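# Survey of secondary and tertiary structure
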Amino acid sequence: MSIEKRKKAVVVIPTYNERENILPLLSKILNLTIEEEISILVVDDDSPDGTGAAVSALAQKEKNIHLLTRKGKRGRGTAGIDGFIEALKFKPDYIIEMDADFSHQPEQIPYLLNEADECDVVIGSRFVKGGRDINRNIGRKLITFLVRNFIRFYLKIPVKDVSSGFRCFRGDVLEKIDLKSLKSVGPSIVQEILYKTYLSGFRIKEIPITFKKRKAGKTKLTLAVLLETLSFNWRLKKLWRASIKKEET
Ligand SMILES: Nc1nc2c(ncn2[C@@H]2O[C@H](COP(=O)(O)OP(=O)(O)OP(=O)(O)O)[C@@H](O)[C@H]2O)c(=O)[nH]1
Ligand SMILES: [Mg+2]
């Protein structure tokens, strides 16, 4: 009788001051009933509120919890890149990324994994049929609407939710896109990876998710971060179109 090996999934969660959210979130993920063997990698930028210390204490007891602490290197973008590079060392079949603040529902991780054999990247989307964006104020919804349409039509990515940070990649996709070459420091990393995977010809699928307002703690999205994200997206077209064409010749 042959015993089939369980596939491996690593969930990468960037954190900065998420002390109130992180332990309940980790517990929910660990208690999911799924076929895959799941590990969680928290990428914490030495949060002053002790997020890293809380995760570190749990990691002593739970072998599937891992912590990457970065000192003096703030940024959602570089945290994502470093997290993916570290996650690839686990030789995973799948890598999932999600926020720590319960905007992304841990119960929906199995839906992402279910689709991951049919394509290369599965995006948890608010804007396909069945997707929802609830409890957020009208101002945030308006910003999301404007940013998403600007990026979608400017970069011409045929994806409805280009700023979704709840996604599942097949491990080999992230091996192939050369993570070290990515340039984003802030949240534009979400679009930079999406754009690069799209230009590289990977198959992308969107499935509906429910996105909610953060449960506790404060947003890190300031006006400065928003403007930096927009200006970086403006540069993305030149940056990656040119370099991918060069690789092909
Ligand atoms: N490691 C690290 N994580 C970060 C940094 N900035 C944000 N994050 C994390 O990235 C995720 C998304 O950040 P949020 O502040 O929730 O940004 P947002 O989702 O656009 O805004 P809100 O949900 O309204 O707060 C969260 O898990 C944050 O803790 C950072 O500089 N370093
Ligand atoms: Mg959030």
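Scroll up for the structure.
A short tour of the structure in this document, coming up. (Residues numbered from 1 in each chain as written. Chains lettered and ligands numbered in written order. Predicted model: local features only at pLDDT ≥ 70, side-chain atom pairs only at ≥ 80, totals over all residues. Heavy atoms only, no water.)

### Topic: the packing of aromatic side chains
Scanning all chains against the criterion turns up 4 aromatic pairs. Relative to Trp234, the ring of Phe150 has its centre 6.1 Å away and its plane inclined at 10 degrees; by these criteria the two rings are stacked. Separated by 84 residues along the polypeptide, Phe150 in helix α5 (residues 138-155) and Trp234 in helix α8 (residues 223-248) bring together distant segments of the chain. Cluster of aromatic residues (ring-pair linked, three or more members): Phe150, Tyr154 and Trp234. Above the ring of Phe211, the side-chain terminus of Arg126 is found at 4.7 Å from the ring centroid. Over the ring of Phe102 we find Lys215, and its NZ or CZ is 4.2 Å from the ring centre. (Phe/Tyr/Trp six-rings, centres within 6.5 Å; stacked < 30°, edge-to-face > 60°. Helix = DSSP H or I, 4+ residues; strand = E, 2+ residues; numbered from the N terminus. Lys NZ or Arg CZ within 6 Å of the ring centre and 35° of its normal.)

### Details of the site of ligand 1
The immediate surroundings of ligand 1 are formed by 18 residues, with Pro14, Glu18, Arg74, Arg140 and Arg214 found nearest. At a separation of 2.8 Å, an oxygen atom of ligand 1 approaches a polar backbone atom of Gly75. Coverage of ligand 1 by the protein amounts to 89% of the 630 Å² it exposes when considered alone. Of the residues contributing to the shell around ligand 1, the split by class is 5 nonpolar, 4 polar and 9 charged. (Near = heavy atom within 4 Å. Polar contact = N/O pair within 3.5 Å; in protein donor to acceptor, adjacent residues only side chain to side chain. Areas by Shrake-Rupley, 256 points an atom, 1.4 Å probe, with all protein chains shown as cover. Nonpolar A, V, L, I, M, F, W, Y, C, P; charged D, E, K, R; others polar.)

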